[in-house]
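Structural characterization, general
One-letter residues, chain by chain:
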2 protein chains.
Amino acid sequence: MPRLRLALSQANPLVGDFDGNIEKIVAAAHEAWNRGSDLLLTGEMAVSGYPIEDLAAQPSFLRAARSAVDALPARLVAEGLGDLVVIVGHPDGPFEPRLLGTSNAPTAIAQNCASVIQGGAIRARYVKHHLPNYSVFDEYRIFVPGDELLVLRIGRNGAAGVDVAVIICEDLWRDGGPVARVLDADAGLLLVLNASPYERDKDEVRLPLVTRRATETDTIVAYVNIVGGQDDLVFDGDSVVVDGDGTILGRAPQFVEHLLVVDVDPAPAGNGDLPANVTRVAVTARSDDPGQLAKDVAVLPDDREQLWNALVLGLRDYVRKNGFRSVILGLSGGIDSSVCAAIAADALGAENVYGISMPSQWSSEGSRTDADDLAERIGLHYSVEAIADLVSPVETQLKLDGVAAENLQARIRGIILMARSNMDGHLVLTTGNKTELAVGYSTIYGDSAGGFAPIKDVPKMLVWELATWRNEHAAANGETPPIPENSITKPPSAELRPDQTDQDTLPPYELLDDILEAYVSKRLGREDIIALGIDRATVEFVCKLVDRSEWKRRQGAIGPKVSGMAFGRDRRLPITSRPAG
Amino acid sequence: MPRLRLALSQANPLVGDFDGNIEKIVAAAHEAWNRGSDLLLTGEMAVSGYPIEDLAAQPSFLRAARSAVDALPARLVAEGLGDLVVIVGHPDGPFEPRLLGTSNAPTAIAQNCASVIQGGAIRARYVKHHLPNYSVFDEYRIFVPGDELLVLRIGRNGAAGVDVAVIICEDLWRDGGPVARVLDADAGLLLVLNASPYERDKDEVRLPLVTRRATETDTIVAYVNIVGGQDDLVFDGDSVVVDGDGTILGRAPQFVEHLLVVDVDPAPAGNGDLPANVTRVAVTARSDDPGQLAKDVAVLPDDREQLWNALVLGLRDYVRKNGFRSVILGLSGGIDSSVCAAIAADALGAENVYGISMPSQWSSEGSRTDADDLAERIGLHYSVEAIADLVSPVETQLKLDGVAAENLQARIRGIILMARSNMDGHLVLTTGNKTELAVGYSTIYGDSAGGFAPIKDVPKMLVWELATWRNEHAAANGETPPIPENSITKPPSAELRPDQTDQDTLPPYELLDDILEAYVSKRLGREDIIALGIDRATVEFVCKLVDRSEWKRRQGAIGPKVSGMAFGRDRRLPITSRPAG
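So, here is what we can say about the structure in this document. From a predicted model like this one, the values you see are computed outputs, not experimental measurements.

Looking along a regular strand, one sees side chains alternate from face to face of the sheet. All names here are of chain B. Of all 8 residues in strand β6 (residues 149-156), 6 are buried, a share of seventy percent or more. In the sheet, β6 pairs with strand β15 (residues 278-284) via 7 bridges, with the strands oriented parallel. Paired with Leu-149 across the bridge in β15 is Val-278. The sheet contact formed by β6 and strand β7 (residues 159-168) spans 6 bridges and is antiparallel. Of the residues in β7, the one forming a bridge with Arg-156 is Ala-159.

Here you go:
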C-alpha cells in the first residue's frame, strides 16, 4: 500500500465559466476517488480559468468565484466525495480596492489561491507569493501576494503522517520565498498548481527545474498544469510527478485533458518545530487499500510535433470557446495558407474548414492548381472567387497604381472573406507568419483581416519545416500528405504584380529570420547585430521595417504564442518613437 | 533677493529621440540662466520621453540613454551653464537582467532616475521608489525601485542653505515611502519630476494632492510635468509651484511647452541629524542678484476646452512625431466625423485635412449637404466619391444581403480611404466614438479602418457637448462655427439601409452612456447596474454587446486616453471568456 495516491487533474477550463469549470473538478474528483486516490490537485485558477486579467478588478467576477468555491465542499459531500482531499486553484476577493495614483479604477483587489477541501469544509488556503509581471503576465497588476507557507499533515489510520507543502506556479521558479521554507518545514511532498503556457523548448527548462526543486527541497514534487487555448496562450499540460533523484513517477500527455494518478512514498513527517510563517493543517488519507496502479508516464513527441499540436489546440479552443463551429480562409496556393488550412483541418475536421481561392490577373496558373490540390488533399470546402471584376471598378474610379493598386487586391480579398463570414458565420483566419508580421509585409485590412492568426508566432523558415514535418507525419501514418509539394518548394510570392517574389523586397528568409531572432527575440540593438557579422545595410533596413510596422501589429488578430517572445503583450513597445542603437 | 529662483521646464519630448530631447533641455537651461534661475528641473524621463515601455529592456536603448546623460554636464559647461543646478529625469541601466520564470527575455533591468548636475559633473542621483503598475502603467515590469531619499543642500554666498528633496511622480501619490521621509529630513522645498497624463477632471485631484503634500511635509512643492501626445497618452503639463498654505506661486499653461520661473523662499536648513536612507549632497546657488520676476500663474480653461485641447494635441503629436503631415477622413455629415474634422483642423490647419464624402444610395440628401457645409465652414480639402458602382459588383458577385451588405458599404469606404492614403501619404483617421467602440457599433476593416482614432475615448453624449462647445467658442471669438447645426441636432444614423437610425439597434444614447459608465468605467456587474434601477433586459443587452466586441476593440486604432478608463491598455480583458455577474 503506497503512502499516498495522488490524482492530478490536467483540465481545460474556460475563463469565467465557473459552472463548467466546477463540473470538470467534480468529474475529476469522482474519477480520482474511484481509482483510489487520497488527494486531487487541480491546476492554478482551475475554478476561474487563467489568465483572468482585469476581470480580477471586477467585484462581481470575484463574488462569482467566491460563490463557486464556497459551494464546492457541500457539493463534494453530496456526491459522496467528502473524504477526498481536494485542492483547487481559484481567485479570491474582493478585498478593499487599493486606489492608486489618480486612477479611478480599483486595482489589486484579489489573491491567487489554492484552497484545501475535505469533509464538507475549506480546511486551509494558500496564497501565491510570487506574482509574475513579465512577458505576458501582469499579476502584480491584479493580485496581492501572500506570505504564509501552507503544510498539510496527511495522516492515515493513526500511522505517521506525511507533511505536504502547497505552492503556486511562479513560487516554484523563484529562489527564496516559499520554496526555501519547504525545506525548513521538512515537508516530504511538494504540490504545485500551475498555469504555465507552452513555448517551444520550454519542456527543456520546466522539467529540469521541477527535478532541481525536488532535490533542493528533498521532496517528491507533483506539478499539475492546466491545458487548453486561451486567447494567445496555449497551456500544454505536461503535468508531472518527479522524485528527488529525478525519476519521473508519472507524466500526463501534452495538449489533452488527463487525470494523472500516481502513487508516492514520501518520507514521513518528523517532529521538528514549525518555522515562522508556516501554517500546518491536518487532513486525512483514506483508510481502504486502493489496490494496484499501472504506471502512467507519457513520452513527449519531438519538437515539431509538439509545436504543431500547440497550434492545433490554440486554434481549436479559440473557435470552440468563442462559439464558432467553422473557419474560412483564403487559399493562395502558398505555404502559409496551406499550413493554416492543414492546422484548421486537424483542429476542427476538414468538414468545418472553408477555403476560397481568389485569383487575380497576376496569380500564376501554378497558384490556382496548388490551391485546388491542397483543397482536395485535405477535403475541405472549396470555392473560387475571381477578383478582377471587383478590383477594376475601384482601381478605375480612384485612379490607383503602384502600392495602392497592390493593396487594393489584398483588401478586396479581405472583403470577400469578411462578407462570407457575415453571411455564413465562419471565423475568418488570417494566415500571416511571424516574419511577415515583423517586417509589415502584409496589407492591413487586406490579407491581415481576420479574427485569429494561427501561425503569427511562427517564423517563415519554421513554417516550411512544419509543412515538411506534417507531410512526413501523414506519410508515416499511411495518410495523404496535406500540403502540396509545390507549395513547399516554389519561391514565395504575394502575386500582387507580374513576376513578383518576396525576395524582390526582402532579404533571403534564412537571413531575415536570423536578424529578426536577434532584434525581436533577443532584443539586440542594430550595432550588436552588425557586430555578429551581418551586413549593416541589411540590418538597418530590416530593423527599420520592424519599427515602422508596430502600428500594423497593434491592429492585428491574436494568435497562439509559441515562442519566448511573441508579438503582442509579450513585447510592449511604443508606436511613436525614434529608435536608438 | 529670493532665497531660490526655480525654473521648471515643461517640455514635449519624443520617446527615444535622445539628441532632440537633450537640445530641449539645453535650450531650457539657457533661458533659465538668462532669467536668473538657480536651478532647472525637467519632467520625469525628459531625456528619453515617457513611457518607454519595453524599450527599457533593450540594452542598446539604455546605453544610448546613459551616453546622453553622461555627456550633458560637459555640454552645459561648454555652453556657459556650469553653475546652474540642472536636474534631469532619465532611465538608467542596463543592470544585470532579472531572468524570471521561463521567459528568455530580460526584464526589469533599468531604473527611473533624476540626476543632479552642476559644475560639469553629475553630483547626485535619485531613483524612483514607487513604480505604478495599474491603469496604463507597467513600471514594475520594467524598473527596479530605489530606496534612498535625496536631499540637496543648496547654499548661497555662505548664507544658510536650503534643503531640497527630490522625488519622482508616483512617489508623491503614495503615503509613506519617500514623502514621509521628506518631513523627517526637514527639507524646505520638494521637487517632483512627473510624467502624468491628462484625464478629464484630473486637475481636480492633482492640485489638491500637491497642496496636501506641501502641508504634510511642511515644504514648498514644485511639480513639473511633461507635455505632449505619446501614442494613446496626452501629457497636459499644468506644472505648478505651491506653498504649504495652498498658495499657487506659479502655474504653467496646459498643453504647451513652457518654462515656468518662480521665486521661492523656503525655510533655511536646520541642524537636525540626517535620518536613515537619506543622502545629502551640497550644491551652490548663484551669487548675483537675479532681479525682479513677474508672477506667472496660468488660469485653467473650463473642462470642455481642456478636453478639446487634449484631443487636439493628442492628434497633432501623433501625426507630427510619426512623420505625417496630413490626415484624411470620411465625412458622413454626422456628428462624429464632423467633430474629428474640426479637431484635425485645429491640430494641423485646415490645409492639411482631407475629407471625402462617400455617399451611397442610402445616404440622405441632408447627409451630403451637411458634409459639404462642414467642409466649407472649416475650409478643408473636400472631394466626393460615390460608392454605388464599387459596392454593386461585390454585392452581386457574392450574393450579399442583410448585415453582410451593410458592412460591405463601410468596407468599400475603408478601401477608398486607405487607397487615398497609399497614393498621397495622408494618415487615415477613424472617427468612431467611445460608445460605438464599447458596443461594437461599427464595421471592422470598414469605418474602423485608420491609424488614429481622435475621439475613441469620448462617449457619444460628450461628443455632442464638445461640438456645441466648439461652435460657441468660435462664435465668442468672432469665427465661423465649424460644425453644421444640423449635424448636431439630427438623429444619428449609420445610413447603411433605408431610414435607419442608431436607435433601431441601440438604446437611447443618454441611457446607453449611463450603462457604459457603470459597466466599463466603474466595473460594476450586471446585477449591480440593474440594482441602480435600469431595466434588466437593456442592461443585459448592452453588457453582452460590450463583452462580444472585445475582439474588435483589440484590432482598433489607438487614440487619446482622456478618461479614467479608456479602452486599450487601461482595461485588459480576455476575448475568450464567459462573463459572470
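What follows deals with the interface of chain B and chain A. Contact with chain B, which involves 96 residues of that partner, is made by 96 residues of chain A. Inspection of the region where chain B meets chain A yields 10 salt bridges. As a salt-bridge pair, Arg572(B) and Asp138(A) come within 3.5 Å of each other at their nearest N and O atoms. Inspection of the chain B/chain A interface yields 36 residue pairs in polar contact (both at pLDDT 80 or more). Elements with a minimum of two residues in the side of chain B that touches chain A: α2 (59-78), α3 (139-142), α4 (170-173), α7 (303-321), α10 (388-398), α11 (402-424) and α18 (550-554) of chain B. The element best represented in the side of chain B that touches chain A is α11(B), accounting for 13 residues. Each residue belonging to the side of chain B that touches chain A can be placed in one class, and the counts come to 45 nonpolar, 25 polar and 26 charged.

This paragraph deals with the packing of helix α11 (residues 402-424) of chain A against α11(B). Where α11(A) meets α11(B), the axes come as close as 10 Å, and the angle between the chain directions of the two elements is 165 degrees. It follows that α11(A) is roughly antiparallel to α11(B) by the angle criterion. Handedness of the crossing formed by α11(A) with α11(B): right-handed. Residue-level inspection shows Val403(A), Ala404(A), Asn407(A), Leu408(A), Arg411(A), Ile412(A), Ile415(A), Met418(A), Ala419(A), Asn422(A) and Met423(A) of α11(A) in contact with α11(B), the latter providing Val403(B), Ala404(B), Asn407(B), Leu408(B), Arg411(B), Ile412(B), Ile415(B), Met418(B), Ala419(B), Asn422(B) and Met423(B). Of the residues assigned to the contact of α11(A) with α11(B), the class counts are 16 nonpolar, 4 polar and 2 charged.

Turning to the pattern of salt bridges, a few remarks are in order. If charged atoms from side chains of opposite charge come close, those side chains can pair. A full pass over the atoms with the stated rule returns 96 salt bridges over all chains. Between Arg5(A) and Asp263(A) there is a salt bridge whose closest N-O contact spans 2.6 Å. Here Asp263(A) lies in strand β14 (residues 258-264) and Arg5(A) lies in strand β1 (residues 4-10), a separation of 258 residues in the sequence. Among the residues examined, Arg5(A) registers a relative accessible area of 1% and is labelled buried. Residue classification places Asp263(A) among the partly exposed residues on the basis of a relative accessible area of 26%. A salt bridge links Lys460(A) to Asp336(A); the shortest N-O distance between them is 3.2 Å. Of this pair, Lys460(A) sits in helix α13 (residues 460-476) while Asp336(A) sits in helix α8 (residues 335-348), and the two are 124 residues apart along the sequence. One exposure class covers both Lys460(A) and Asp336(A), and it is buried. Where salt bridges share partners, they join Asp231(A), Glu550(B), Arg553(B), Arg554(B) and Arg571(B) into one cluster.

Residues and elements named next belong to chain A. Overall, parallel pairing links the 4 strands, which are arranged β18-β17-β16-β19 in an open sheet. In the strand order of this sheet, the two ends are held by β18 (381-384) and β19 (427-428), each with one partner. Pairing geometry for strand β17 (residues 353-357) and β18, over 4 bridges, is parallel. Considered in β18, the bridge of Ser-357 is made with Val-384. Seen against the sheet, α11 touches β16 (327-330), β17 and β19 and runs at an angle of roughly 165 degrees to β16.

Given two aromatic rings, their pairing is described by the distance between the two centres and the angle made by the two planes. Residue and element names in this part refer to chain B. Across all of its chains, the model carries 16 aromatic pairs over all chains by this definition. Centre to centre, the rings of Tyr-134 and Phe-137 are 5.8 Å apart; their planes meet at 75 degrees, and the pair counts as edge-to-face. Exposure remark for Phe-137: the relative accessible area of 12% places this residue in the buried category. On the basis of an interplanar angle of 75 degrees and a centroid distance of 5.8 Å, the ring pair of Trp-464 and Tyr-509 is categorised as edge-to-face. Here Tyr-509 lies in helix α15 (residues 509-521) and Trp-464 lies in helix α13 (residues 460-476), a separation of 45 residues in the sequence. Assessed through its relative accessible area of 17%, Trp-464 is described here as buried. The ring of Trp-33 is capped by Arg-286, whose NZ or CZ atom sits 3.6 Å from the centre of that ring.

Definitions and cut-offs
- Residues numbered from 1 in each chain as written.
- Chains lettered and ligands numbered in written order.
- Predicted model: local features only at pLDDT ≥ 70, side-chain atom pairs only at ≥ 80, totals over all residues.
- Heavy atoms only, no water.
- Buried < 20%, exposed > 50% of the residue type's maximum accessible area, 1.4 Å probe, protein only.
- Helix = DSSP H or I, 4+ residues; strand = E, 2+ residues; numbered from the N terminus.
- Pairing = 2+ DSSP bridges.
- Contact = heavy atoms within 4.5 Å.
- Salt bridge = Lys/Arg side-chain N within 4 Å of Asp/Glu carboxyl O.
- Polar contact = N/O pair within 3.5 Å; in protein donor to acceptor, adjacent residues only side chain to side chain.
- Nonpolar A, V, L, I, M, F, W, Y, C, P; charged D, E, K, R; others polar.
- Axes fitted to C-alpha atoms, helices over the stretch in contact; angles between N-to-C directions.
- Parallel < 35°, antiparallel > 145°, perpendicular 65-115°, else oblique.
- Left-handed = near helix turned anticlockwise from the far one by under 90°.
- Phe/Tyr/Trp six-rings, centres within 6.5 Å; stacked < 30°, edge-to-face > 60°.
- Lys NZ or Arg CZ within 6 Å of the ring centre and 35° of its normal.

From the geometry alone we can't say anything about function, so treat these as descriptive.
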